[in-house]
Amino acid sequence: MELQFIYMDGCPYCKLAGEVLESLYADHPEYKKIPLVKVNENREPEKLKGRNYYYVPTFFYGEEKIYEAQPGDGREKMEKILGDFFKKAVD
């Protein structure tokens, strides 16, 4: 199963989510075992049919929504949610 990262160009929250992922991968290379697929909401809308979300970035693992950013979310919240997901998924 893969982790789908839905983003938009120019979105500051999406940029932050990408930085959080890079930091998590640097600290925990084993997290790279889970394939990451980035989907640009504007350029690849056909890949998002049936996905229930409003804000980006949003992450799905299979059909499960792992995280959907909310206005005001910061690095700590993203690191906690994504870090917890990876810990469970890799074990």
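Residues numbered from 1 in each chain as written. Predicted model: local features only at pLDDT ≥ 70, side-chain atom pairs only at ≥ 80, totals over all residues. Heavy atoms only, no water.

## Some remarks on unusual backbone geometry
Put simply, the rule is: Numbering goes from the N terminus for both helices and strands, where a helix is a DSSP run of H or I of at least four residues and a strand is a run of E of at least two.
A cis amide bond links Val56 with the next residue in sequence, Pro57, at an omega value of 0°. Take Pro57: it is sitting in the loop between β2 (36-40) and β3 (58-61).

## Some points on helix α2 (residues 75-90)
Defined as follows: To estimate how far a helix should reach, multiply one less than its number of residues by 1.5 Å. Accessibility here uses a 1.4 Å probe with only protein chains present; expressed as a share of the type maximum, an area under 20% marks a residue as buried, one over 50% as exposed, and anything in between as partly exposed. What the arc covers is the set of directions going from the helix axis to the C-beta atoms. The contact definition used throughout considers only heavy atoms, calling two residues in contact when any of these lie within 4.5 Å.
The first and last C-alpha atoms of α2 sit 22 Å apart over 16 residues, in line with the 22 Å expected at 1.5 Å per residue. Residues of α2 that are buried: Met78, Leu82, Gly83, Phe85 and Phe86. Angular distribution of buried residues about the axis of α2 spans 160°; they occupy a single face of the element. In this structure, α2 carries Glu76, Lys80 and Lys88 as exposed residues pointing more than 90 degrees from its buried face. Contacts made by the buried residues of α2 are with β1 (3-7), α1 (12-27), β3 and β4 (64-68).

## Remarks on the side chain of Asp73
Note the cut-off: Counted as a polar contact is a pair of N or O atoms within 3.5 Å, where, for protein atoms, one must be capable of donating a hydrogen and the other of accepting one, and residues adjacent in sequence contribute only when both atoms are in side chains.
Secondary-structure assignment places Asp73 in the loop between β4 and α2. There is a polar contact of 2.6 Å between the side chain of Asp73 and the side chain of Tyr67. Within polar-contact distance, the side chain of Asp73 engages the side chain of Lys77 at 3.2 Å. Look past the residues within four positions of Asp73 in its chain and what remains in contact with it is Tyr13, Tyr67 and Glu68.

## Let's talk about the nonpolar core
For the record, the criterion: Nonpolar core, defined: a set of buried Ala, Val, Leu, Ile, Met, Phe, Trp, Tyr and Cys residues in which side-chain atoms within 4.5 Å join the residues together.
If you look at the biggest cluster of nonpolar residues, it comprises 28 residues, and the most contacted ones within it are Leu3, Leu21, Phe59, Ile66, Phe85 and Phe86. Within the residue set of this core, elements represented by two or more residues are β1, α1, β3, β4 and α2. With seven residues, α1 is the single largest residue contributor to this core. With sequence-adjacent residues up to four places away left out, Ile66 is seen in contact with Leu3, Phe59, Phe60, Tyr61, Ile81 and Phe85.

## Notes on the pattern of salt bridges
What counts, and what does not: A carboxyl oxygen of Asp or Glu within 4 Å of a side-chain nitrogen of Lys or Arg is what we treat as a salt bridge.
With the rule as written, the count across this model stands at 10 salt bridges. As a salt-bridge pair, Lys87 and Asp84 come within 4.0 Å of each other at their nearest N and O atoms. Placement of the pair is Lys87 and Asp84 together in helix α2, with a separation of three residues, close to one helical turn.

## Examining the sheet that holds β4
Applicable threshold: If DSSP finds at least two bridges between two strands, the strands pair. Helix axes are fitted only over the stretch in contact, all axes being lines through C-alpha atoms; the angle between N-to-C directions runs from 0 to 180 degrees.
The four strands lie next to each other as β2-β1-β3-β4, forming an open sheet whose pairing is mixed. Each end of this open sheet is capped by a strand with a single partner; those strands are β2 and β4. Strand-to-strand, the axes of this sheet are offset by a mean angle of 20°, without reference to chain direction. Two strands pair when backbone bridges link them, and β3 and β4 are joined in this way by four bridges, in the antiparallel orientation. Opposite Thr58, over in β4, you have Glu68 as the bridge partner. Strands in contact with α1 are β1, β2 and β3; relative to β1, the strand with the most contacts, it is inclined by about 150°. Strands β1, β3 and β4 of the sheet are contacted by α2, whose axis makes an angle of about 155° with β4.

Scope: geometric values only; no functional claims are made or implied.
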